[in-house]
Amino acid sequence: MGDILITDDEADIRSLISDILEDEGYTCRTAGNSTECMDQVREDPPALMILDIWLKDSEMDGIDILKTVRREQPDIPIIIISGHGTIEIAVAAIKQGAYDYVEKPFNIDQLMVVVGRAMETAKLRRENTELRRKDAVSAEMVGAAPAFRTLTGNLKKVMNSNGRVMLTGAAGAGKEVAARYIHANSNRAKGPFVTVSSASIEPDRMETVLFGKESPEKGIEPGLLEQAHEGVIYFDEVADMPVGTQSKILRVLVEQAFTRVGGHEKVRVDLRVISSTTRDLQAEIRAGRFREELYHRLNVVPIAVPSLEQRREDIPLLADHFIGLLNKSQGLPQRELSDETKALLQTMTWPGNVRQLRNVIERVLILGDGTGPIEPAELPGPGDGAADGGEMALPGSLASLPLRDARELFERQYLMTQINRFGGNISRTAAFVGMERSALHRKLKSLGVVTAARGGARVARLEAEDA
């Protein structure tokens, strides 16, 4: 049922409580002084502690142990017992984070009720943590494009180190998914993954949210850093962190310790730090908005997360993945993409990257009235309205040109789009457009189109751009 550590300087009390709890199916350990207690807590943390306040021949009393355990192992519920109880002692214990206070000589039934409630509370807290992890952004990486393979290769290299990682890339490209992928496949996978949304936390609340708070009224309120102990803390959009907080985070990275707001004692934490940004942090440093020392501390291993434009090959895979995910999580229809829809998705512009693609798929599944293949007419068109399948007006860039120039411009744009769609693979592009590979090479040369590596992928560009 659960592992309980009983700490009391009286052997008879330890034995009595242990016998009672073991009869109820619990596993018990005992300690006669503060040294034995803390050694056991640090070597193998129990599910619950029953702790006497007054401990003879000990370096620490029960309140000192309570403070230390709450600082180092905040998830362990602690029940305080005492034969010299007063209202003041009980209040002090509760304010320091004790689950409850039981006075000696205690009523066995009362003690069992308190133990049962404390164990249930701890169980629910663990289950809620697990549910939050499952409901959050998925850690599953989907793709096969060269840029994607480069990304996952880099992520695998840093999984089991404790090195700090800085993820860069456009908004919606999947930086948090990459961070969760590192965590889920690392030796910290059983620990928490805590996200700090730097842009969404009010600057005047940032320190309380990160470091927690101590007050006479509410006792200890752990912050996000404390909640991430033995796991990963993920600073999303770290450039939005207030400059004043940056200096304090820098100190945490150096010392692996901090002081809660309103507190006086150091809280030690074991954290792995992963950060992300869409901005040029070097420019932010020059503008005085980001501390250079913090940048160098966080940017130990920089990893670029490619945009959707750099991995257009993956769009059908991602769309199918989102369809399956939305069917499982929301009960939306499990539909397929027609070949025409796949081609259209691969040629559309995606300023919002993977996040935008998911939103489009969710919208189509919600508004669609069928279970057959998703057709191009169901996709959002210009102005975010559904495409009506009608005739498209001639773009101004073509309408103002003579036929020969317009045809050349169209061919250039069309072939560059198809090359990018297939990740720079000329053979697949030639097969799709219906040309021999050699003929396509000649056509591209006449149009001044070349392919070049960028962000782990091959993309089409004009030869003049490389000059």
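The written sequence of each chain sets the order in which its residues are numbered from 1. Local features in a predicted model are, by the rule used here, given only for residues with pLDDT of at least 70; side-chain atom pairs are given and counted only at 80 or more, and totals for whole chains, interfaces and linings are based on all residues. The basis for every side-chain value is the complete set of heavy atoms in the structure, and neither hydrogens nor water enter the calculation.

> What exactly am I supposed to notice about the pattern of salt bridges here?
Two side chains bearing opposite charge may form a pair once their charged atoms approach each other closely. The salt bridge criterion pairs a side-chain nitrogen of Lys or Arg with a carboxyl oxygen of Asp or Glu, the two atoms within 4 Å. Following the criterion strictly, the structure yields 19 salt bridges and no others. The salt bridge involving D52 is made with K104; its shortest N-O contact spans 3.4 Å. Taken as a pair, D52 in strand β3 (residues 48-52) and K104 in the loop between β5 (100-103) and α5 (108-135) lie far apart in primary sequence, 52 residues in all. One exposure class covers both D52 and K104, and it is buried. Residues joined in a network through salt bridges with shared partners are D8, E10, D52 and K104. Strands are runs of DSSP state E lasting at least 2 residues, helices are runs of H or I lasting at least 4, and numbering of each runs from the N terminus. Only protein chains enter the calculation, and the probe is 1.4 Å; a residue is then buried if its accessible area is under 20% of its type maximum, exposed if over 50%, and partly exposed in between.

> Would you mind showing me how to read the sheet that holds strand β2 (residues 27-31) here?
Within a sheet, neighbouring strands are paired by backbone hydrogen bonds and run either parallel or antiparallel to one another. Between any two strands, pairing holds if DSSP finds at least two bridges. Taken together, the five strands give an open sheet; going across it, the order is β2-β1-β3-β4-β5, and neighbouring strands pair in parallel fashion. Both outer strands of the open sheet, β2 and β5, are each paired with one neighbouring strand and no more. Neighbour to neighbour, the strand axes of the sheet diverge by 20° on average, direction disregarded. Inspection of the sheet shows β3 paired to strand β4 (residues 78-82) by four bridges, in the parallel sense. By the bridge assignment, D52 is partnered in β4 with I81. The sheet strands contacting helix α2 (residues 34-43) are β1 (3-7), β2 and β3, and the helix crosses β2 at an angle near 140°. A fitted line through C-alpha atoms serves as each axis, taken over the contacting stretch for helices, and the angle formed by two N-to-C directions is quoted from 0 to 180°. By the convention used here, residues are in contact when the closest approach between their heavy atoms is within 4.5 Å.

> Whenever I open this one, the side chain of R412 confuses me. Can you help?
Tracing the backbone through its elements, the reader meets R412 in helix α17 (residues 403-421). Relative accessible area serves as the criterion here: at 17%, R412 is assigned to the buried category. Among the polar contacts made by the side chain of R412, one reaches the main-chain carbonyl oxygen of L447 at a distance of 3.0 Å. Residues in contact with R412, not counting those within four places in the same chain, are L447, V449 and L462. Polar contacts, as used here, are pairs of N or O atoms within 3.5 Å; protein pairs need one atom able to donate a hydrogen and one able to accept it. Residues neighboring in sequence count only if both atoms are side-chain atoms.

> Just to check I follow, could you spell out the environment of A147 for this structure?
Looking at where A147 falls in the secondary structure, it is placed in helix α6 (residues 146-158). In this structure the C-alpha to C-alpha distance between A147 and A453, which are 306 residues apart in sequence, comes to 9.6 Å.

> When you look at the environment of E284 in this model, what are you seeing that I'm missing?
Relative to the elements of secondary structure, E284 occurs in helix α11 (residues 281-286). With 15 residues separating them along the chain, E284 and V269 place their C-alpha atoms 29 Å apart. Sequence-distant contacts of E284, that is, excluding residues within four places in its chain, are made with R279, R289 and F290.

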